[in-house]
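# An overview of the molecular structure
One-letter residues, chain by chain:
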Amino acid sequence: ALLSQVVTGTVTHRVTRSLALSLNSNYAHSESVPDSSAVTFESYAVTPSVRYEINRVITATLSYTHSQYQRTSFSQEFVFDRNMVLLGLVAEWE
């Protein structure tokens, strides 16, 4: 079995009616029970983003995510990073 703790947070600031900035982050730690030395897993991610309402119908979002994952299993460690850039366009109408 795994015992996990997770913390997440998001802060958003509306600069203008059309422009908003956000920062999202999370951290997770998991370990096997009852023997925590068998497997541990740790990760974090940070995502700043910009959201812009181009007009009443179209909204654009640009975000960058940096994340790191670390797994330890019986003293062998495996670590990797991931970086992503996303551009999204959404059209909504009623």
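Just above sits the structure.
Let me begin by describing the structure that accompanies this report. All values reported here derive from a predicted model rather than from experimental measurement. (Residues numbered from 1 in each chain as written. Predicted model: local features only at pLDDT ≥ 70, side-chain atom pairs only at ≥ 80, totals over all residues. Heavy atoms only, no water.)

## A word on the overall build of the chain
Secondary structure summary: the chain contains 0 helices and 5 strands in total. For the chain, the α and β elements follow one another from N to C terminus as β-β-β-β-β. Over its C-alpha trace the chain gives a radius of gyration of 18 Å, far above what one expects of a compact globule, namely 12 Å for 94 residues. Here the chain, with 94 residues, has 17% of them falling under the buried criterion. At a minimum sequence separation of 6, the contacts of the chain that also span at least 24 residues come to 39%. Measuring between centres, the 6 positive side-chain charges of the chain sit 15 Å from its 8 negative side-chain charges. (Helix = DSSP H or I, 4+ residues; strand = E, 2+ residues; numbered from the N terminus. Rg over C-alpha atoms; globule rule 2.2 N^0.38 Å. Buried < 20%, exposed > 50% of the residue type's maximum accessible area, 1.4 Å probe, protein only. Contact = heavy atoms within 4.5 Å. Lys, Arg positive; Asp, Glu negative; His and termini not counted. Charge placed at Lys NZ, Arg CZ, Asp CG, Glu CD.)

## What about the pattern of salt bridges?
Between side chains of opposite charge, a pair can form as their charged atoms come close. Evaluation of the coordinates by the stated rule reveals 2 salt bridges. Between arginine 51 and glutamate 53 there is a salt bridge, with its nearest N and O atoms 3.4 Å apart. Judged by relative accessible area, arginine 51 falls into the partly exposed class, the value being 35%. Each of Arg14, Arg51 and Glu53 takes part in salt bridges that share partners, so that together they form one network. (Salt bridge = Lys/Arg side-chain N within 4 Å of Asp/Glu carboxyl O.)

## Topic: unusual backbone geometry
Cis rather than trans, the peptide bond between valine 33 and proline 34 has omega equal to 10°. One can find proline 34 in the loop between strand 2 (19–32) and strand 3 (39–53). Notably, phenylalanine 74 is not glycine yet its phi reads approximately 50°, a positive angle. Given the relative accessible area of 59%, phenylalanine 74 is considered exposed. For serine 75, which is not a glycine, the phi torsion comes out positive at approximately 75°. Looking at the secondary structure, you find serine 75 in the loop between strand 4 (58–73) and strand 5 (76–91).

## What to know about the pairing of strand 2
Here 13 bridges tie strand 1 (residues 2–14) to strand 2, and the two strands are oriented antiparallel to one another. The residue of strand 2 that forms the bridge with glycine 9 is serine 25. Joining the antiparallel neighbours strand 1 and strand 2 is a turn of 4 residues. Two strands pair when backbone bridges link them, and strand 2 and strand 3 are joined in this way by 13 bridges, in the antiparallel orientation. Following the sheet pairing, leucine 19 is matched in strand 3 by tyrosine 52. (Pairing = 2+ DSSP bridges.)

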